[in-house]
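In case you want the letters, here they are:
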Amino acid sequence: MPTETKPKKKNALPTFNFDAIGIAQTPFTQRFGIPRQPGLVPEAKGILKINGHPDFQYALKRLEEFSHIWVVFVFHAHGGNKWKPTIRPPRLGGKEKVGVLSSRSPHRPNPIGLSVVELDRIDFTAKGGPEIHVKGVDLLDGTPILDLKPYIPYADSVPHANSGWAHEEIKKTEVFFEAPALEKIREAEKNGYPDLKEFIEQLLTIDPRPGFQKRELPPDADHSQGKDFGLLVKDYDVQWKILDQKFVVYDLVKTQKKIPSKKVSSP
């Protein structure tokens, strides 16, 4: 239950404390490489592990009838203690400033995020609490979930809305897989990671690198050719490079330590 903290000063705004209702389990164990918006990588699958208290069984009743849901979450690992009124969005090349409230930056007055994801199925009988299987996630593994709401097209979709300063389409780069990497990926797909190739391709084509690397090493620049990068996907290190203006995956290395799944305790 949310609790209100009475303001210490007269006419001050109220403050609230909220308890998470669940934890997101996703393939993204580090901030680097997470899609910047939901739905950009359809094969980014995750599980919303909901609190095991019996009340949540009833709270989720008939949610499975919707194709998509809104996820309200906390940017729990954005790396900053203070918010700034302006930020430099990657979509503007990191050169221009906009107000943080006109952006989707995690560095906000209240670090709360909102994503719409595709609902695949709900396992109501999962051990420890219901599990909501979703696609197109843009959440860090372990993200606290505050609330869920059904996505309703007639109310939530605005066909004639404009995109403001973020109007330009996301540039995509061709992804190529060298034979040794492709062989390892196919083997991983047989051992519990279906559609891994498609997942990696969807991640790389939108260029998951930080903004400064995109600016300094664009894929079409001569000085970028041959530069190596790594990207953690599930419990694999995807090794790739820029070559001939493409992103070339040349190896897939199993990481030494798998990140344990997060659990949600009952109150």
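In what follows, the accompanying structure is described. None of the values given here were measured: they were computed from a predicted structure.

### Things to note about the overall build of the protein
Step number 1: What the protein contains, in helices and strands, is five helices and 14 strands.
Step number 2: Computed over C-alpha atoms, the radius of gyration of the protein comes to 20 Å, within 12% of the 18 Å expected from 2.2 N^0.38 for 267 residues, which places it in the range of a compact globule.
Step number 3: A principal-axis box enclosing the C-alpha atoms of the protein has dimensions of 60 × 45 × 40 Å.
Step number 4: For the protein, contacts bridging at least 24 residues in sequence account for 67% of all contacts bridging at least 6.
Step number 5: Put simply, the protein shows about 16,500 Å² of open surface, and 52% of that area lies on carbon and sulfur atoms.
Step number 6: Separation of charge centres in the protein, based on 40 positive and 34 negative side chains, amounts to 8 Å.

### Concerning the packing of aromatic side chains
Step number 1: In total, this model carries seven aromatic pairs according to the counting rule given.
Step number 2: Plain terms: the ring middles of Trp 240 and Phe 247 are 4.8 Å apart, the flat faces sit at 65 degrees to each other, and that makes the pair edge-to-face. No difference in accessibility class separates Trp 240 from Phe 247, as the two residues are buried.
Step number 3: Of the aromatic side chains, those joined through ring pairs into one cluster are Phe 229, Trp 240 and Phe 247.
Step number 4: Taking NZ or CZ as reference, Lys 241 lies 5.4 Å from the ring centre of Tyr 250, over its face.

### A short note on the nonpolar core
Step number 1: Counting 46 residues, the largest nonpolar core has Leu 48, Ile 69, Ile 132 and Leu 148 as the members making the most contacts within it.
Step number 2: In terms of residue count, the dominant contributor to this core is helix α4 (residues 196-205) (five residues).
Step number 3: Dropping the residues within four chain positions of it, Ile 132 is found in contact with Gly 46, Ile 47, Leu 48, Ile 50, Leu 60, Leu 63, Ile 69, Leu 119, Arg 121, Ile 122 and Leu 148.

### Details of the side chain of Ser 105
Step number 1: By the element assignment, Ser 105 lies in the loop between β7 (98-99) and β8 (112-123).
Step number 2: Ignoring sequence-local partners within four residues, the contact set of Ser 105 consists of Ile 87 and Val 100.

### Side note on the pattern of salt bridges
Step number 1: This model, assessed by the stated rule, comprises eleven salt bridges.
Step number 2: Among the salt bridges present, the one from Glu 178 reaches Lys 241, with a minimum N-O distance of 3.7 Å. With Glu 178 in the loop between β11 (175-177) and α3 (179-190) and Lys 241 in strand β13 (residues 236-243), this residue pair connects regions lying 63 residues apart in the sequence.
Step number 3: When the shortest N-O distance is used, the salt bridge between Lys 197 and Glu 201 registers 3.5 Å.

### Focus on the environment of Leu 92
Step number 1: Residue placement: Leu 92 occurs in the loop between β6 (86-87) and β7.
Step number 2: Sequence-distant contacts of Leu 92, that is, excluding residues within four places in its chain, are made with Val 98 and Trp 165.

### Thoughts on the sheet that holds strand β14 (residues 246-254)
Step number 1: The four strands lie next to each other as β11-β14-β13-β12, forming an open sheet whose pairing is mixed. At either margin of the open sheet sits one strand with a lone partner, and together these are β11 and β12 (228-233). For this sheet the average axis-to-axis angle between neighbouring strands, irrespective of direction, equals 35 degrees.
Step number 2: The sheet contacts of α3 involve β11, β13 and β14, and relative to β14 the element is tilted by about 50 degrees.

Cut-off values and rules
- Residues numbered from 1 in each chain as written.
- Predicted model: local features only at pLDDT ≥ 70, side-chain atom pairs only at ≥ 80, totals over all residues.
- Heavy atoms only, no water.
- Helix = DSSP H or I, 4+ residues; strand = E, 2+ residues; numbered from the N terminus.
- Rg over C-alpha atoms; globule rule 2.2 N^0.38 Å.
- Contact = heavy atoms within 4.5 Å.
- Areas by Shrake-Rupley, 256 points an atom, 1.4 Å probe, with all protein chains shown as cover.
- Lys, Arg positive; Asp, Glu negative; His and termini not counted.
- Charge placed at Lys NZ, Arg CZ, Asp CG, Glu CD.
- Phe/Tyr/Trp six-rings, centres within 6.5 Å; stacked < 30°, edge-to-face > 60°.
- Buried < 20%, exposed > 50% of the residue type's maximum accessible area, 1.4 Å probe, protein only.
- Lys NZ or Arg CZ within 6 Å of the ring centre and 35° of its normal.
- Core = buried A, V, L, I, M, F, W, Y, C linked by side-chain atoms within 4.5 Å.
- Salt bridge = Lys/Arg side-chain N within 4 Å of Asp/Glu carboxyl O.
- Pairing = 2+ DSSP bridges.
- Axes fitted to C-alpha atoms, helices over the stretch in contact; angles between N-to-C directions.

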